[in-house]
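Given next are the chains, with one letter for each unit.
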Amino acid sequence: MSYEIVVVGSGIGGLTVAALLSARGMNTCLLERQSQVGGCIGRVEFAGYDFEPGMGLYTSFGPGGVYEKLFSKLPVAAPEVSLLTSPHVTRLTDGTDVQSSQHDLYSIHGGPASLAERLAESIKHSGGSVRLNSPVLRLAYDESGRAVGIDLLSGERVFATKAIISNLTVWDTYGKLVGLNRTPSEIKKRLNTLHGTGVYVVYASIEESAVSRLPSERMLVKDSDGEFSLAVAVHQVAPEGKRAVTMTTRTDVEPWFSYQSSEEEYEGWDQDALEPFWKRLHAALPELGGDIEIIETANPRTYYDLTRRKLGMVLGVETAEPSLGFGTTLPNLFMVGDTVAATAEIHAVVESAVSLAERII
Ligand SMILES: Cc1cc2nc3c(=O)[nH]c(=O)nc-3n(C[C@H](O)[C@H](O)[C@H](O)COP(=O)(O)OP(=O)(O)OC[C@H]3O[C@@H](n4cnc5c(N)ncnc54)[C@H](O)[C@@H]3O)c2cc1C
(Lines give C-alpha, C1' and ligand atoms only; values in the text may rest on other atoms or scores of the structure.)
Protein backbone atom coordinates (compact mmCIF):
# COMPACT_ATOMS: atom_id res chain seq x y z
CA MET A 1 0.00 0.00 0.00
CA SER A 2 1.12 3.55 -0.63
CA TYR A 3 0.09 6.75 1.18
CA GLU A 4 1.35 10.32 1.22
CA ILE A 5 1.77 10.25 5.01
CA VAL A 6 2.43 7.29 7.30
CA VAL A 7 2.16 7.87 11.06
CA VAL A 8 3.59 5.27 13.44
CA GLY A 9 1.76 5.15 16.78
CA SER A 10 -1.65 6.40 17.89
CA GLY A 11 -0.72 8.30 21.06
CA ILE A 12 -2.21 11.79 21.35
CA GLY A 13 0.64 13.16 19.17
CA GLY A 14 0.23 10.69 16.30
CA LEU A 15 -3.55 10.99 16.32
CA THR A 16 -3.49 14.81 16.27
CA VAL A 17 -1.08 15.13 13.37
CA ALA A 18 -2.84 12.36 11.38
CA ALA A 19 -6.24 13.99 11.97
CA LEU A 20 -5.01 17.41 10.80
CA LEU A 21 -3.21 16.10 7.70
CA SER A 22 -6.08 13.88 6.60
CA ALA A 23 -8.53 16.77 7.15
CA ARG A 24 -6.35 18.76 4.71
CA GLY A 25 -6.90 16.04 2.10
CA MET A 26 -3.57 14.27 2.48
CA ASN A 27 -3.76 10.51 2.00
CA THR A 28 -2.80 9.41 5.53
CA CYS A 29 -2.38 6.07 7.26
CA LEU A 30 -1.90 5.71 11.01
CA LEU A 31 -0.44 2.41 12.26
CA GLU A 32 -0.90 1.26 15.87
CA ARG A 33 0.39 -1.96 17.37
CA GLN A 34 -2.31 -2.14 20.05
CA SER A 35 -5.98 -3.02 19.57
CA GLN A 36 -7.03 0.43 20.82
CA VAL A 37 -5.90 4.01 20.20
CA GLY A 38 -4.46 6.47 22.75
CA GLY A 39 -1.21 4.95 24.10
CA CYS A 40 -0.73 6.54 27.55
CA ILE A 41 -4.27 7.96 27.42
CA GLY A 42 -5.89 4.77 26.08
CA ARG A 43 -8.84 3.25 27.96
CA VAL A 44 -8.06 1.61 31.30
CA GLU A 45 -10.98 -0.65 32.15
CA PHE A 46 -11.05 -3.24 34.92
CA ALA A 47 -13.87 -4.88 36.87
CA GLY A 48 -16.64 -2.56 35.63
CA TYR A 49 -14.61 0.63 36.22
CA ASP A 50 -13.29 3.05 33.60
CA PHE A 51 -10.19 4.57 35.21
CA GLU A 52 -8.60 7.94 34.69
CA PRO A 53 -5.33 6.87 32.97
CA GLY A 54 -3.25 9.69 34.45
CA MET A 55 -3.35 12.44 37.02
CA GLY A 56 -6.49 14.00 35.60
CA LEU A 57 -4.87 17.40 35.06
CA TYR A 58 -6.18 18.65 31.74
CA THR A 59 -5.97 22.28 30.67
CA SER A 60 -6.41 24.40 27.49
CA PHE A 61 -9.98 23.35 26.65
CA GLY A 62 -11.30 26.88 27.14
CA PRO A 63 -11.80 29.62 24.50
CA GLY A 64 -8.54 30.40 22.67
CA GLY A 65 -6.96 27.14 23.89
CA VAL A 66 -5.27 24.63 21.63
CA TYR A 67 -8.25 22.24 21.45
CA GLU A 68 -10.50 25.00 20.09
CA LYS A 69 -7.93 25.63 17.33
CA LEU A 70 -7.53 21.90 16.65
CA PHE A 71 -11.19 20.98 16.42
CA SER A 72 -11.99 24.05 14.30
CA LYS A 73 -9.95 22.31 11.57
CA LEU A 74 -11.51 18.86 11.95
CA PRO A 75 -14.80 17.39 10.73
CA VAL A 76 -15.75 16.14 14.23
CA ALA A 77 -16.63 17.96 17.44
CA ALA A 78 -14.35 18.03 20.49
CA PRO A 79 -15.35 15.68 23.33
CA GLU A 80 -17.54 17.22 25.98
CA VAL A 81 -15.57 18.69 28.89
CA SER A 82 -16.50 20.34 32.20
CA LEU A 83 -14.53 22.82 34.23
CA LEU A 84 -13.61 21.08 37.48
CA THR A 85 -15.41 22.69 40.37
CA SER A 86 -13.02 21.54 43.11
CA PRO A 87 -9.49 23.04 43.02
CA HIS A 88 -6.29 21.01 42.76
CA VAL A 89 -5.13 20.54 46.35
CA THR A 90 -1.67 19.73 47.69
CA ARG A 91 -1.52 18.00 51.07
CA LEU A 92 1.77 18.90 52.70
CA THR A 93 3.88 16.70 54.99
CA ASP A 94 2.42 18.39 58.09
CA GLY A 95 -1.11 17.47 56.95
CA THR A 96 -2.20 20.95 55.84
CA ASP A 97 -3.94 21.45 52.50
CA VAL A 98 -2.98 24.14 50.00
CA GLN A 99 -5.12 25.04 47.00
CA SER A 100 -3.33 25.35 43.68
CA SER A 101 -3.56 28.61 41.80
CA GLN A 102 -4.31 26.65 38.59
CA HIS A 103 -8.03 27.19 38.00
CA ASP A 104 -8.56 26.00 34.45
CA LEU A 105 -8.63 22.24 35.00
CA TYR A 106 -11.16 20.23 33.04
CA SER A 107 -12.58 16.74 33.22
CA ILE A 108 -13.09 15.12 29.83
CA HIS A 109 -16.37 13.21 29.62
CA GLY A 110 -15.44 9.55 29.15
CA GLY A 111 -11.83 10.40 30.10
CA PRO A 112 -8.96 11.44 27.81
CA ALA A 113 -9.47 8.21 25.83
CA SER A 114 -12.56 9.86 24.35
CA LEU A 115 -10.31 12.63 23.00
CA ALA A 116 -8.14 9.97 21.36
CA GLU A 117 -11.18 8.14 19.98
CA ARG A 118 -12.62 11.40 18.62
CA LEU A 119 -9.39 12.06 16.70
CA ALA A 120 -9.39 8.50 15.28
CA GLU A 121 -12.98 9.10 14.15
CA SER A 122 -11.86 12.32 12.48
CA ILE A 123 -9.08 10.55 10.52
CA LYS A 124 -11.57 7.97 9.19
CA HIS A 125 -14.18 10.67 8.47
CA SER A 126 -11.60 12.52 6.32
CA GLY A 127 -10.81 9.35 4.32
CA GLY A 128 -7.64 8.37 6.22
CA SER A 129 -6.88 4.88 7.58
CA VAL A 130 -6.42 3.84 11.20
CA ARG A 131 -4.90 0.38 11.29
CA LEU A 132 -4.90 -1.23 14.74
CA ASN A 133 -2.95 -4.41 15.63
CA SER A 134 -0.29 -3.31 13.13
CA PRO A 135 3.15 -3.24 14.81
CA VAL A 136 5.80 -1.43 12.79
CA LEU A 137 9.20 -3.10 12.68
CA ARG A 138 11.46 -0.49 11.08
CA LEU A 139 11.80 2.06 8.27
CA ALA A 140 12.09 0.71 4.74
CA TYR A 141 14.97 2.15 2.67
CA ASP A 142 15.68 2.12 -1.08
CA GLU A 143 19.16 1.36 -2.53
CA SER A 144 20.19 5.01 -2.21
CA GLY A 145 19.46 4.93 1.56
CA ARG A 146 16.31 7.06 1.32
CA ALA A 147 13.47 6.10 3.68
CA VAL A 148 10.55 5.08 1.44
CA GLY A 149 8.09 3.84 4.06
CA ILE A 150 7.94 1.29 6.84
CA ASP A 151 8.01 -2.48 7.22
CA LEU A 152 5.36 -4.02 9.44
CA LEU A 153 6.15 -6.97 11.69
CA SER A 154 3.77 -8.98 9.48
CA GLY A 155 6.20 -8.53 6.54
CA GLU A 156 4.01 -6.00 4.69
CA ARG A 157 5.70 -2.84 3.34
CA VAL A 158 3.75 0.44 3.51
CA PHE A 159 5.12 3.24 1.31
CA ALA A 160 5.05 6.93 2.27
CA THR A 161 5.51 9.32 -0.66
CA LYS A 162 5.70 12.57 1.39
CA ALA A 163 6.54 11.94 5.04
CA ILE A 164 6.80 9.39 7.82
CA ILE A 165 5.88 10.59 11.30
CA SER A 166 7.05 8.69 14.38
CA ASN A 167 4.96 8.94 17.54
CA LEU A 168 7.51 6.74 19.30
CA THR A 169 9.88 8.22 21.89
CA VAL A 170 13.16 9.76 20.66
CA TRP A 171 15.01 6.64 21.82
CA ASP A 172 12.69 4.27 19.97
CA THR A 173 12.48 6.43 16.84
CA TYR A 174 16.25 6.01 16.35
CA GLY A 175 16.70 2.64 18.09
CA LYS A 176 13.84 0.88 16.34
CA LEU A 177 12.65 2.82 13.26
CA VAL A 178 15.83 4.42 11.89
CA GLY A 179 18.12 1.64 13.20
CA LEU A 180 21.17 2.23 15.37
CA ASN A 181 23.55 1.44 12.47
CA ARG A 182 22.07 4.43 10.57
CA THR A 183 22.00 6.76 13.62
CA PRO A 184 24.87 9.28 13.65
CA SER A 185 27.16 8.96 16.69
CA GLU A 186 26.42 12.52 17.92
CA ILE A 187 22.70 11.62 18.09
CA LYS A 188 23.51 8.38 19.92
CA LYS A 189 25.58 10.36 22.43
CA ARG A 190 22.75 12.84 22.93
CA LEU A 191 20.20 10.05 23.40
CA ASN A 192 22.41 8.53 26.10
CA THR A 193 22.20 11.76 28.08
CA LEU A 194 18.40 11.80 28.02
CA HIS A 195 16.42 9.97 30.63
CA GLY A 196 12.73 9.62 31.42
CA THR A 197 10.91 8.59 34.57
CA GLY A 198 8.96 5.52 35.60
CA VAL A 199 5.62 5.51 37.36
CA TYR A 200 3.93 3.09 39.72
CA VAL A 201 0.17 3.37 39.46
CA VAL A 202 -2.57 1.98 41.69
CA TYR A 203 -6.12 1.76 40.30
CA ALA A 204 -8.65 1.49 43.13
CA SER A 205 -12.33 1.57 43.90
CA ILE A 206 -13.48 4.17 46.39
CA GLU A 207 -16.87 4.70 48.08
CA GLU A 208 -18.70 7.91 47.04
CA SER A 209 -18.92 8.82 50.73
CA ALA A 210 -15.11 8.69 51.06
CA VAL A 211 -14.68 10.98 48.01
CA SER A 212 -16.82 13.60 49.73
CA ARG A 213 -14.48 13.47 52.76
CA LEU A 214 -11.45 14.35 50.59
CA PRO A 215 -10.57 18.06 50.17
CA SER A 216 -10.56 17.58 46.39
CA GLU A 217 -10.93 14.99 43.64
CA ARG A 218 -7.49 16.02 42.30
CA MET A 219 -4.69 15.90 44.86
CA LEU A 220 -0.93 15.97 45.13
CA VAL A 221 0.25 14.45 48.39
CA LYS A 222 3.69 15.25 49.75
CA ASP A 223 5.19 13.01 52.41
CA SER A 224 8.62 12.03 53.73
CA ASP A 225 9.02 9.51 50.85
CA GLY A 226 8.34 12.07 48.11
CA GLU A 227 4.97 12.69 46.56
CA PHE A 228 2.09 10.96 44.82
CA SER A 229 -1.01 12.13 42.98
CA LEU A 230 -4.60 11.05 43.36
CA ALA A 231 -7.29 11.55 40.72
CA VAL A 232 -10.89 10.44 41.06
CA ALA A 233 -12.41 9.72 37.66
CA VAL A 234 -15.20 12.15 36.82
CA HIS A 235 -17.83 11.37 34.14
CA GLN A 236 -16.60 7.79 33.84
CA VAL A 237 -18.20 4.41 34.41
CA ALA A 238 -18.20 2.79 37.88
CA PRO A 239 -20.59 0.52 39.80
CA GLU A 240 -23.31 2.36 41.75
CA GLY A 241 -22.09 4.12 44.89
CA LYS A 242 -18.42 3.72 43.87
CA ARG A 243 -15.87 5.80 41.98
CA ALA A 244 -12.69 4.86 40.16
CA VAL A 245 -9.51 6.42 41.55
CA THR A 246 -5.99 6.45 40.07
CA MET A 247 -2.91 7.07 42.22
CA THR A 248 0.50 7.67 40.69
CA THR A 249 3.98 7.82 42.17
CA ARG A 250 7.42 7.90 40.54
CA THR A 251 9.68 4.85 40.48
CA ASP A 252 13.08 3.96 39.03
CA VAL A 253 12.71 2.05 35.80
CA GLU A 254 15.83 -0.17 35.79
CA PRO A 255 14.95 -2.52 38.70
CA TRP A 256 11.71 -3.50 36.95
CA PHE A 257 13.73 -4.82 33.99
CA SER A 258 16.33 -6.82 35.92
CA TYR A 259 16.55 -10.58 35.49
CA GLN A 260 13.50 -12.36 36.83
CA SER A 261 13.61 -16.11 37.41
CA SER A 262 9.84 -16.65 37.63
CA GLU A 263 6.48 -14.94 37.33
CA GLU A 264 6.17 -15.21 41.16
CA GLU A 265 9.35 -13.12 41.53
CA TYR A 266 7.88 -10.37 39.32
CA GLU A 267 4.65 -10.43 41.35
CA GLY A 268 6.81 -10.13 44.47
CA TRP A 269 8.37 -6.92 43.11
CA ASP A 270 4.90 -5.50 42.54
CA GLN A 271 3.85 -6.45 46.08
CA ASP A 272 7.04 -4.82 47.43
CA ALA A 273 6.04 -1.56 45.69
CA LEU A 274 2.38 -1.78 46.64
CA GLU A 275 2.67 -2.39 50.39
CA PRO A 276 4.70 0.75 51.27
CA PHE A 277 2.54 2.81 48.90
CA TRP A 278 -0.64 1.62 50.63
CA LYS A 279 0.82 2.59 54.04
CA ARG A 280 1.81 6.03 52.73
CA LEU A 281 -1.68 6.55 51.33
CA HIS A 282 -3.45 5.79 54.62
CA ALA A 283 -0.93 7.77 56.68
CA ALA A 284 -1.34 10.86 54.49
CA LEU A 285 -5.10 10.57 53.89
CA PRO A 286 -6.58 9.01 57.05
CA GLU A 287 -10.06 10.18 55.98
CA LEU A 288 -10.14 7.35 53.41
CA GLY A 289 -10.45 4.77 56.18
CA GLY A 290 -11.41 1.33 54.85
CA ASP A 291 -13.45 2.78 51.98
CA ILE A 292 -10.84 2.15 49.31
CA GLU A 293 -9.99 -1.16 47.63
CA ILE A 294 -7.19 -2.02 45.20
CA ILE A 295 -8.32 -3.16 41.76
CA GLU A 296 -5.10 -3.23 39.71
CA THR A 297 -1.56 -1.85 39.55
CA ALA A 298 0.78 -0.70 36.76
CA ASN A 299 4.56 -0.28 36.73
CA PRO A 300 7.22 0.48 34.07
CA ARG A 301 6.88 -3.09 32.75
CA THR A 302 3.15 -2.52 32.27
CA TYR A 303 3.88 0.73 30.40
CA TYR A 304 6.41 -1.07 28.24
CA ASP A 305 3.83 -3.74 27.37
CA LEU A 306 1.23 -1.06 26.68
CA THR A 307 3.25 1.42 24.63
CA ARG A 308 6.68 -0.17 23.94
CA ARG A 309 8.32 3.02 25.26
CA LYS A 310 11.96 2.33 26.16
CA LEU A 311 12.13 0.85 29.71
CA GLY A 312 8.51 1.93 30.18
CA MET A 313 9.74 5.53 30.69
CA VAL A 314 6.91 8.05 30.62
CA LEU A 315 6.37 11.78 31.19
CA GLY A 316 8.80 13.01 28.54
CA VAL A 317 12.53 13.47 29.12
CA GLU A 318 14.16 14.88 32.24
CA THR A 319 16.69 17.35 30.87
CA ALA A 320 17.42 21.03 31.04
CA GLU A 321 18.69 20.98 27.45
CA PRO A 322 16.42 22.06 24.59
CA SER A 323 14.32 19.28 23.06
CA LEU A 324 15.50 17.57 19.87
CA GLY A 325 12.47 19.08 18.09
CA PHE A 326 10.40 17.27 15.50
CA GLY A 327 13.08 17.01 12.79
CA THR A 328 15.35 13.96 12.52
CA THR A 329 18.51 13.09 10.63
CA LEU A 330 16.30 11.94 7.71
CA PRO A 331 14.61 14.68 5.65
CA ASN A 332 11.23 12.92 5.41
CA LEU A 333 11.06 11.49 8.96
CA PHE A 334 9.53 13.60 11.76
CA MET A 335 8.81 13.00 15.44
CA VAL A 336 5.79 13.88 17.55
CA GLY A 337 5.04 13.01 21.17
CA ASP A 338 5.95 13.92 24.72
CA THR A 339 9.71 13.35 24.36
CA VAL A 340 9.90 16.17 21.79
CA ALA A 341 7.12 18.45 23.10
CA ALA A 342 7.73 21.37 25.48
CA THR A 343 6.28 19.44 28.45
CA ALA A 344 4.84 15.96 28.97
CA GLU A 345 1.24 17.08 29.11
CA ILE A 346 -1.32 16.25 26.50
CA HIS A 347 -2.03 19.89 25.59
CA ALA A 348 1.73 20.43 24.95
CA VAL A 349 1.90 17.30 22.76
CA VAL A 350 -1.15 18.54 20.83
CA GLU A 351 0.49 21.98 20.39
CA SER A 352 3.66 20.44 18.95
CA ALA A 353 1.58 18.14 16.69
CA VAL A 354 -0.33 21.18 15.38
CA SER A 355 3.00 22.92 14.57
CA LEU A 356 4.31 19.82 12.81
CA ALA A 357 1.13 19.49 10.73
CA GLU A 358 1.41 23.19 9.74
CA ARG A 359 5.02 22.66 8.69
CA ILE A 360 4.18 19.61 6.57
CA ILE A 361 1.17 21.31 4.97
C1 LIG B 1 0.61 7.97 34.82
C2 LIG B 1 0.55 9.16 33.90
C3 LIG B 1 -0.14 10.28 34.28
C4 LIG B 1 -0.26 11.38 33.43
N5 LIG B 1 -1.06 12.42 33.78
C6 LIG B 1 -1.24 13.44 32.91
C7 LIG B 1 -2.16 14.50 33.21
O8 LIG B 1 -2.82 14.51 34.26
N9 LIG B 1 -2.29 15.51 32.31
C10 LIG B 1 -1.60 15.53 31.14
O11 LIG B 1 -1.79 16.46 30.35
N12 LIG B 1 -0.74 14.54 30.81
C13 LIG B 1 -0.55 13.50 31.68
N14 LIG B 1 0.31 12.48 31.38
C15 LIG B 1 1.15 12.60 30.18
C16 LIG B 1 0.44 12.20 28.89
O17 LIG B 1 -0.53 11.22 29.12
C18 LIG B 1 1.48 11.68 27.90
O19 LIG B 1 2.58 12.57 27.88
C20 LIG B 1 0.94 11.56 26.49
O21 LIG B 1 -0.29 10.84 26.50
C22 LIG B 1 1.98 10.86 25.60
O23 LIG B 1 1.54 10.87 24.27
P24 LIG B 1 2.49 10.54 23.05
O25 LIG B 1 1.90 11.18 21.83
O26 LIG B 1 3.91 10.85 23.38
O27 LIG B 1 2.38 8.97 22.77
P28 LIG B 1 2.21 7.63 23.61
O29 LIG B 1 1.06 7.74 24.53
O30 LIG B 1 3.52 7.18 24.12
O31 LIG B 1 1.76 6.65 22.43
C32 LIG B 1 2.63 6.04 21.52
C33 LIG B 1 1.83 5.02 20.72
O34 LIG B 1 2.71 4.36 19.80
C35 LIG B 1 2.38 2.98 19.76
N36 LIG B 1 3.52 2.22 19.28
C37 LIG B 1 4.71 2.00 19.93
N38 LIG B 1 5.52 1.23 19.18
C39 LIG B 1 4.85 0.98 18.02
C40 LIG B 1 5.18 0.24 16.84
N41 LIG B 1 6.35 -0.38 16.71
N42 LIG B 1 4.24 0.17 15.86
C43 LIG B 1 3.03 0.80 15.97
N44 LIG B 1 2.69 1.50 17.07
C45 LIG B 1 3.58 1.60 18.08
C46 LIG B 1 2.03 2.66 21.21
O47 LIG B 1 1.28 1.46 21.32
C48 LIG B 1 1.23 3.91 21.60
O49 LIG B 1 -0.14 3.78 21.31
C50 LIG B 1 0.41 11.36 32.19
C51 LIG B 1 1.14 10.23 31.80
C52 LIG B 1 1.21 9.13 32.63
C53 LIG B 1 1.98 7.92 32.19
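Structure first, text after, so check above.
Residues numbered from 1 in each chain as written. Predicted model: local features only at pLDDT ≥ 70, side-chain atom pairs only at ≥ 80, totals over all residues. Heavy atoms only, no water.

Draft legend 1. Representation of the overall build of the protein within the structure. Helix and strand counts for the protein come out as nine helices and 18 strands. In the protein, 71% of the contacts between residues at least 6 apart in sequence involve partners at least 24 apart. Carbon and sulfur atoms form 51% of the exposed surface of the protein, whose accessible area is close to 15700 Å². (Helix = DSSP H or I, 4+ residues; strand = E, 2+ residues; numbered from the N terminus. Contact = heavy atoms within 4.5 Å. Areas by Shrake-Rupley, 256 points an atom, 1.4 Å probe, with all protein chains shown as cover.)

Draft legend 2. Helix 3 (residues 112–125), seen in detail. The end-to-end C-alpha separation of helix 3 is 20 Å, in line with the 20 Å expected for 14 residues at 1.5 Å each. The set of residues buried in helix 3 consists of Pro112, Ala113, Ser114, Leu115, Ala116, Leu119, Ala120, Ser122 and Ile123. Those residues of helix 3 hidden inside the fold are in contact with helix 1 (12–23), strand 2 (28–31), helix 2 (66–72), strand 8 (106–108), strand 9 (129–131) and helix 9 (346–360). (Expected span 1.5 Å × (residues − 1). Buried < 20%, exposed > 50% of the residue type's maximum accessible area, 1.4 Å probe, protein only.)

Draft legend 3. The arrangement of the sheet that holds strand 16 (residues 242–251) in detail. Read from one edge of the open sheet, seven strands run 7-6-14-15-16-13-17, paired in mixed fashion. Both edges of this open sheet fall to strand 7 (97–99) and strand 17 (292–298), since each of them pairs with a single strand only. Between one strand axis and the next, the sheet turns through 25° on average, direction left out of account. Pairing analysis gives six bridges linking strand 13 (residues 198–207) to strand 17, with the strands arranged antiparallel. Counted as the bridge partner of Tyr203 is Glu296 from strand 17. In the packing of helix 7 (residues 263–284) onto the sheet, the strands contacted are strand 6 (89–91), strand 13, strand 14 (218–223), strand 15 (226–232), strand 16 and strand 17, and the crossing angle to strand 17 comes to about 140°. (Pairing = 2+ DSSP bridges. Axes fitted to C-alpha atoms, helices over the stretch in contact; angles between N-to-C directions.)

Draft legend 4. Region of the structure containing the site of the ligand. Neighbouring the ligand are 39 residues; Glu32, Leu57, Arg309, Asp338 and Ile346 lie closest to it. Within the backbone of Gly56, an N or O atom sits 3.1 Å from an oxygen atom of the ligand. Relative to its unbound accessible surface of 1000 Å², the ligand loses 96% to contact with the protein. Residue assignment for the shell around the ligand shows that the elements contributing at least two residues are helix 1, helix 8 (300–307) and helix 9. Per-element tally for the shell around the ligand: the top contributor is helix 8, with three residues. (Near = heavy atom within 4 Å. Polar contact = N/O pair within 3.5 Å; in protein donor to acceptor, adjacent residues only side chain to side chain.)

Draft legend 5. Examining the environment of Val350 more closely. Mapped onto the fold, Val350 is located in helix 9. Contacts of Val350, omitting those with residues within four sequence positions, involve Ile12, Thr16, Val66, Tyr67 and Leu70.

Draft legend 6. Looking closely at the packing of helix 1 against helix 9. Packing of helix 1 against helix 9 brings their axes to within 8 Å, and their N-to-C directions diverge by 35°. For helix 1 against helix 9, the interelement crossing comes out right-handed. Listed contacts from helix 9 to Ile12, Gly13, Thr16, Val17, Leu20 and Leu21 of helix 1 are Ile346, Val349, Val350, Ala353, Val354, Leu356, Ala357 and Ile360. When grouped by side-chain class, the residues that make up the contact of helix 1 with helix 9 number 12 nonpolar, two polar and no charged. (Left-handed = near helix turned anticlockwise from the far one by under 90°. Nonpolar A, V, L, I, M, F, W, Y, C, P; charged D, E, K, R; others polar.)

Draft legend 7. Region of interest: the nonpolar core. Residues Val17, Ile165 and Ile360 are the most contacted members of the largest nonpolar core, which totals 43 residues. Contributing elements (two or more residues each) for this core: strand 1 (2–8), helix 1, helix 2, strand 8, helix 3, strand 12 (157–166) and helix 9. Examining the composition of this core, we find that nine residues originate from one element, helix 9, more than from any other. Filtering out sequence-adjacent residues up to four positions away, Val17 remains in contact with Val7, Ile165, Val336, Ala353, Leu356 and Ala357. (Core = buried A, V, L, I, M, F, W, Y, C linked by side-chain atoms within 4.5 Å.)

Draft legend 8. Region of interest: the pattern of salt bridges. Taken as a whole, this structure holds 21 salt bridges when the rule is applied. Arg157 is the partner of Asp151 in a salt bridge, and the nearest nitrogen-oxygen pair spans 2.8 Å. Here Lys242 ties to Glu207 by a salt bridge, and the two come within 2.8 Å at their closest N and O atoms. Here Lys242, found in strand 16, pairs with Glu207, found in strand 13; they are 35 residues apart in sequence, far enough to count as distant. For Glu207, a relative accessible area of 27% corresponds to the partly exposed category. Overlapping salt bridges, with partners in common, bring together Arg43, Asp50 and Glu117 in one network. (Salt bridge = Lys/Arg side-chain N within 4 Å of Asp/Glu carboxyl O.)

Draft legend 9. The side chain of Ser122, seen in detail. When you line up the elements, Ser122 lands in helix 3. A relative accessible area of 0% places Ser122 in the buried class. Non-local contacts of Ser122, meaning those with residues more than four positions away in its chain, are made with Ala19, Leu74, Pro75 and Val76.

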